[in-house]
Amino acid sequence: MIRLTGVTYRYRRGPVVLQNFTAEFPPGITVILGPNGSGKTTLLKITAGILKPQSGTVEVMGRPPDELRGKIAYIPQTGGLYPWMTVRENIALPLKLQRRSNPEREVESVAESLGISHLLDRYPKEISGGEQQKTLIARALASGAEVWLLDEPLSMIDIDYRREIIQLLKKAGRSMVVITHNVQDAVDLGGYIYIVKGPPLQLVATAAPGQYTDAERLAETAREAFKS
Ligand SMILES: Nc1ncnc2c1ncn2[C@@H]1O[C@H](COP(=O)(O)OP(=O)(O)OP(=O)(O)O)[C@@H](O)[C@H]1O
Ligand SMILES: [Mg+2]
């Protein structure tokens, strides 16, 4: 589904984040857990086609990511909403690009499912951090994109809403790569879990869906893996 082969990426003024890195993300949900600065965001940006590796290949559904505009929804760790557009316009953007009929109804329905209907006419700077994250998830839902790349999408979401959003993500039934630092979210998302460290980024442990039901056990495994 998503395949990186021999990918090397180095920032101009920074570390070699990926060095001949090879990995596959199967269909369904894959959660990535790893320490700060290990290269998770870089990996996701390369998968989305936002950063171009110096060498190696990236394939999403068998094609390079830049040929898949509109089929990949990327939710960045920070930002991601156009400040000059209202919440409504931000969510509607992929629908407009796809020239879908009746985007307005679709926007209202996803906004409703994320509890942000009352915010539709505000600008991003007029809503909270968690509300911005909900807006990004609403936009991904509305877009119908086949592959979702989410960089800490729940980091500002309150305890009551996380569960609901996780259910929404699972129900969306798309292939997703989700970065998180929250082991409970990793368990609840119920997909593959890839534990990484770096830089350069290395995959140090993987778990199959359902292998962990206890977040504390996953946290212990992750701590051990980070040290290894
Ligand atoms: N634009 C940049 N220029 C130079 N170095 C960078 C740049 N962006 C990130 N880095 C460095 O590359 C490494 C990987 O960064 P990345 O953002 O991918 O980490 P991360 O795993 O997402 O961390 P976090 O959990 O804190 O979000 C870090 O050492 C970071 O300092
Ligand atoms: Mg990051």
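What counts, and at which threshold
Residues numbered from 1 in each chain as written. Chains lettered and ligands numbered in written order. Predicted model: local features only at pLDDT ≥ 70, side-chain atom pairs only at ≥ 80, totals over all residues. Pairing = 2+ DSSP bridges. Helix = DSSP H or I, 4+ residues; strand = E, 2+ residues; numbered from the N terminus. Axes fitted to C-alpha atoms, helices over the stretch in contact; angles between N-to-C directions. Parallel < 35°, antiparallel > 145°, perpendicular 65-115°, else oblique. Left-handed = near helix turned anticlockwise from the far one by under 90°. Contact = placed C-beta atoms within 7 Å. Nonpolar A, V, L, I, M, F, W, Y, C, P; charged D, E, K, R; others polar. Near = placed C-beta within 6 Å.

A.B. asks: Describe the sheet that holds strand E2 (residues 16-25), and please don't skip the residues or the numbers.
C.D. replies: Read from one edge of the open sheet, three strands run E2-E1-E4, paired in antiparallel fashion. The open sheet is flanked by E2 and strand E4 (55-60), the only strands paired with a single partner. Ignoring which end each strand starts from, the neighbouring axes of this sheet average 20° apart. As judged from the five bridges shared by strand E1 (residues 2-10) and E4, these two strands associate in the antiparallel manner.

A.B. asks: Provide a residue-level description of the pairing of E1, including the pertinent values.
C.D. replies: Looking along a regular strand, one sees side chains alternate from face to face of the sheet. Pairing of E1 with E2, which is carried by six bridges, proceeds in the antiparallel orientation. Bridged to Arg 10 within E2 is Val 16. What sits between the antiparallel neighbours E1 and E2 is a turn of five residues.

A.B. asks: Lay out the packing of helix H2 (residues 87-97) against helix H3 (residues 103-113) in plain terms, naming residues and giving numbers.
C.D. replies: Remark: H2 packs on H3, axes separated minimally by 9 Å, with the N-to-C direction vectors making an angle of 125°. Classified by the interaxial angle, the pair formed by H2 and H3 is oblique. Read as a crossing pair, H2 and H3 show a hand that is right-handed. Packed against H2, whose contacting residues are Arg 88, Ile 91, Ala 92, Leu 95 and Lys 96, the element H3 presents Pro 103, Glu 106, Val 107, Val 110 and Ala 111 at the interface. Looking at the contact of H2 with H3, its residues break down into seven nonpolar, no polar and three charged.

A.B. asks: Can you tell me about the site of ligand 1, naming the residues and giving the values?
C.D. replies: Near ligand 1, the surroundings consist of 15 residues, among which Tyr 11, Gly 14, Asn 36, Thr 41 and Thr 42 are the closest. Ranked by residue count, the leading element in the shell around ligand 1 is helix H1 (residues 40-48), at three residues. The residue makeup of the shell around ligand 1, split by class, is four nonpolar, nine polar and two charged.

A.B. asks: Quick rundown of the sheet that holds strand E3 (residues 29-33)? Include the residues and the values.
C.D. replies: Ordered by their spatial adjacency, six strands build an open sheet running E5-E6-E7-E3-E8-E9, and the pairing between neighbours is mixed. For this open sheet the edge positions go to strand E5 (72-75) and strand E9 (202-207), each flanked by a neighbour on one side alone. For this sheet, the mean angle separating the axes of adjacent strands, direction not counted, is 15°. One ladder, built from four bridges, connects E3 with strand E7 (residues 175-179); its direction is parallel. Residue Thr 30 lies in a different strand from E7, and its bridge partner there is Val 177. With respect to the sheet, H1 is in contact with E3, E5, strand E6 (147-151), E7 and strand E8 (192-197), its orientation differing from that of E6 by roughly 155°. Strand contacts of helix H4 (residues 129-143): E5 and E6, with the helix running at about 180° to E5, the strand carrying the most contacts.

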